[in-house]
Structure formats: C-alpha cells, structure tokens
Amino acid sequence: MTTQQQVPVIAVVLAAGSGLRFDPDHPKQLVRLDDLPIVGWSIKAFEDNPHVTDIVVVVNTTVRQEIEELIDDRGFDKVKLVVEGGAERTDSTEAALSALADAGVPADAKILIHDSVRPFVTQQMIDGCIGTLDEFTAATVACESTDTILMSEDLGDRRVVREVPDRSHCFRVQTPQAFRFATIRKAYDLAANDDLFRPTDDSRVVVEYLPDQPVAIVAGSPTNMKVTTKDDLPFARLTAANIKARREATAAAAAGQLDDDAAKAAAREKVRALFGHAFGAK
Ligand SMILES: Nc1ccn([C@@H]2O[C@H](COP(=O)(O)OP(=O)(O)OP(=O)(O)O)[C@@H](O)[C@H]2O)c(=O)n1
Ligand SMILES: C[C@](O)(CO)[C@H](O)COP(=O)(O)O
C-alpha cells in the first residue's frame, strides 16, 4: 500500500459577490439561516472537515467587516487570509490564487473553491473532492440533471432549440471545485489574455485551457443549492431547520437522552412545528 503524501488542503470561500439578482442592498452571503449567516455555514463546513488545513475567504468592502467579526466570534481558526475579490467571480478566484502564490503555497497543494452562498455543502462532498485529487488534477461537485437540457440559439427576436443533449450526460455544476494548485494557476495564466472568455465557474477554465487534464465529477445533490434570488430563501430556511433538528437529535441520542428512533421522531416533529403550515400539515 502506498501512503499519500500530506499536502496542504486549502478551501477558498468566495464571498465577494454583490448579489444583484438577490438584493444588492442586503448581501445574500450575510442573510441569517438559523444562528449563522449563509457565509458562516460555508466556512463552518470547511472548518469542521478534518482534512482541510487552511481557509481563505474572499470578500468585498461591503461585507468585509461583518465577515471578519464572524470569523473572530466563531473562532474559525483555519481562516488564515481574508482577501479582497474583484468584479467577476473569476477575478475573485484569481485574487485568492495570487494571495496563495505570494504565501508560498506548494504546486501540489489541494485547492477547493466554494461559493459562499452554497451553505449546505456536505462533508462527503468535501472529502470526495479531496480524495479525487489523488487520481485527477481537477474535480467538480455536480448533480445529475433530472430535467432535459436544451442548447439554444438566438434567431433575433426568438430563441430556438439548437440541440438536445442526451440527459444521461447532463449535470448541474455545483461547488466545491477542486484542483491541484499548479493546475488551476496554469489554467488561469493561459486564460489571462482572452478578454472574451467569461466562464461562470472555475472548472471551465481547466476544460478550455488544459483539455488534456480531465475534470472528474464528484456527486452533488439538490440540497447543495445556491442562494441566487429571494425565491431560494424558503427552501434554504427549511433545509437549515432540518439540518439543525437532525444535529440536535444526534446529540441527544449520543448523550443517551433519547434512543435513535425517538431522536429521529423528535427532529421530524420540530421541523413540522416550524414549517408544517407551509406544506398543509395538521
Ligand atoms: N465578483 C464576485 C462574484 C461572485 N462571487 C461569489 O461567487 C459565488 C457565486 O456567485 P453568485 O451567486 O453569482 O453571486 P453574486 O455574484 O453575488 O450574484 P449576482 O450574479 O446576482 O450579482 C457567491 O458566493 C459570490 O459571493 C465572488 O466572490 N466575487
Ligand atoms: C460556480 C457555479 O455555482 C456553478 O453552478 C455557478 O456557475 C456560479 O455562477 P454565478 O453566475 O456566479 O451564479
């Protein structure tokens, strides 16, 4: 059996967006879900992962102070850097990569880039990304598409269907996206002079500029949603309540206060009491 070499595993949490589709006056990364703002859920997921060694948080001037206070108050000790992002998501990724290069991060470090507004990333997804980098230089969490996807084309005043890809090949991209440091740096360097290239995620930079380095898919789930507009908040609040009730039930079972079945029933009852009215439950 070969022993894997220990390398830094660094999470980059992108929180420098302005949330134009949500409400630019109320940054969505700071909206509270239960006892933490959305960005706090994301940072906590990486803080809690035993394999993640360091965290970089990318901010803008509007959210910086509140996020720095959150990091202090919650004792998120793995956060080593808070850096200023840029106008586009890729500018924010680039700012993090160059801060990591300045800090002397080695070429084989594992870098996990995550949207701060995907608060329900699971430990399995994080572990899946980290493990996959032992076989591949790039990976992304993605969720099988249950809808059929249409590729469209613009005919002036009307969009029409150009192509219908086979659904079994279609996935919805999520985060984290994971890369060996040298791979994502090189892909970004190669893309630097292409002003027309506007990727909405980091894996595409590798797909386009380092096509010989396959990006592996790690299983995501619909729960790993992105809070994009205000319509996403009811599902996010329900999910947060579910997770909290399950955590409390697990803690009660571990402390011997309840057996497993009673703990699960208590969790279900708590969520029903909070949200049952929304689903017509008695
Ligand atoms: N210049 C940017 C743009 C986005 N992000 C981050 O990338 C993630 C996904 O982006 P998105 O949902 O598009 O957030 P916003 O850019 O804030 O939203 P919008 O496009 O509606 O303005 C978010 O956590 C966001 O904070 C970032 O760090 N820097
Ligand atoms: C990275 C991403 O979350 C994958 O779904 C998405 O592409 C971000 O895009 P956005 O336009 O910044 O929401």
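Bear in mind the structure is a predicted one, so any value in this text is a computation, not a measurement.

What follows covers the sheet that holds strand 5 (residues 79–84). Pairing is mixed across the open sheet formed by 7 strands, whose spatial order is 5-4-1-6-10-7-11. Two strands bound the open sheet, and with one partner strand each, they are strand 5 and strand 11 (215–219). Mean inter-strand twist for the sheet, computed between neighbouring axes without regard to direction, equals 25 degrees. Bridge count for strand 4 (residues 54–59) against strand 5 is 5 bridges, and the pairing is parallel. By the bridge assignment, valine 59 is partnered in strand 5 with glutamate 84. Helix-sheet contacts for helix 1 (residues 38–47) involve strand 1 (9–15), strand 4, strand 5, strand 6 (110–115) and strand 10 (171–180), and the interaxial angle to strand 1 is about 180 degrees. This element, helix 5 (residues 181–191), spans strand 6 and strand 10 of the sheet and lies at about 110 degrees to strand 10.

Surrounding ligand 2, one finds Arg21, Arg89, Asp115, Arg118, Val173, Thr175, Thr200, Asp201 and Lys226. Within the side chain of arginine 118, a nitrogen or oxygen atom sits 2.9 Å from an oxygen atom of ligand 2. In isolation ligand 2 exposes 360 Å². Once the protein is present, 76% of that is buried. Its residues assigned to classes, the shell around ligand 2 shows 1 nonpolar, 2 polar and 6 charged.

The next thing to look at is the domain arrangement of the protein chain. The domains assigned to the protein chain are domain 1 (9–226) and domain 2 (233–278). Placing the centre of domain 1 and that of domain 2 at their C-alpha centroids yields a distance of 29 Å. On the domain 2 side, the residues contacting the 10 residues of domain 1 number 9 residues. Around 850 Å² of area is buried between domain 1 and domain 2 when both sides are counted, 79% of it from carbon and sulfur atoms. The interface formed by domain 1 and domain 2 holds 1 salt bridge in total. A salt bridge links aspartate 34 to lysine 244; the shortest N-O distance between them is 3.6 Å. Along the contact surface separating domain 1 from domain 2 lie 1 residue pair in polar contact (both at pLDDT 80 or more). Across the side of domain 1 that touches domain 2, the residue classes tally to 7 nonpolar, 1 polar and 2 charged.

This paragraph deals with the pairing of strand 9 (residues 159–163). Note on strand geometry: in a regular strand, side chains alternate between the two faces of the sheet. In the sheet, strand 8 (residues 151–154) pairs with strand 9 via 4 bridges, with the strands oriented antiparallel. By the bridge assignment for strand 9, methionine 151 is matched with glutamate 163.

Quick notes on the rules
Residues numbered from 1 in each chain as written. Chains lettered and ligands numbered in written order. Predicted model: local features only at pLDDT ≥ 70, side-chain atom pairs only at ≥ 80, totals over all residues. Heavy atoms only, no water. Pairing = 2+ DSSP bridges. Helix = DSSP H or I, 4+ residues; strand = E, 2+ residues; numbered from the N terminus. Axes fitted to C-alpha atoms, helices over the stretch in contact; angles between N-to-C directions. Contact = heavy atoms within 4.5 Å. Near = heavy atom within 4 Å. Polar contact = N/O pair within 3.5 Å; in protein donor to acceptor, adjacent residues only side chain to side chain. Areas by Shrake-Rupley, 256 points an atom, 1.4 Å probe, with all protein chains shown as cover. Nonpolar A, V, L, I, M, F, W, Y, C, P; charged D, E, K, R; others polar. Domains from an automatic or database assignment. Buried area = accessible area lost by both parts, 1.4 Å probe. Salt bridge = Lys/Arg side-chain N within 4 Å of Asp/Glu carboxyl O.

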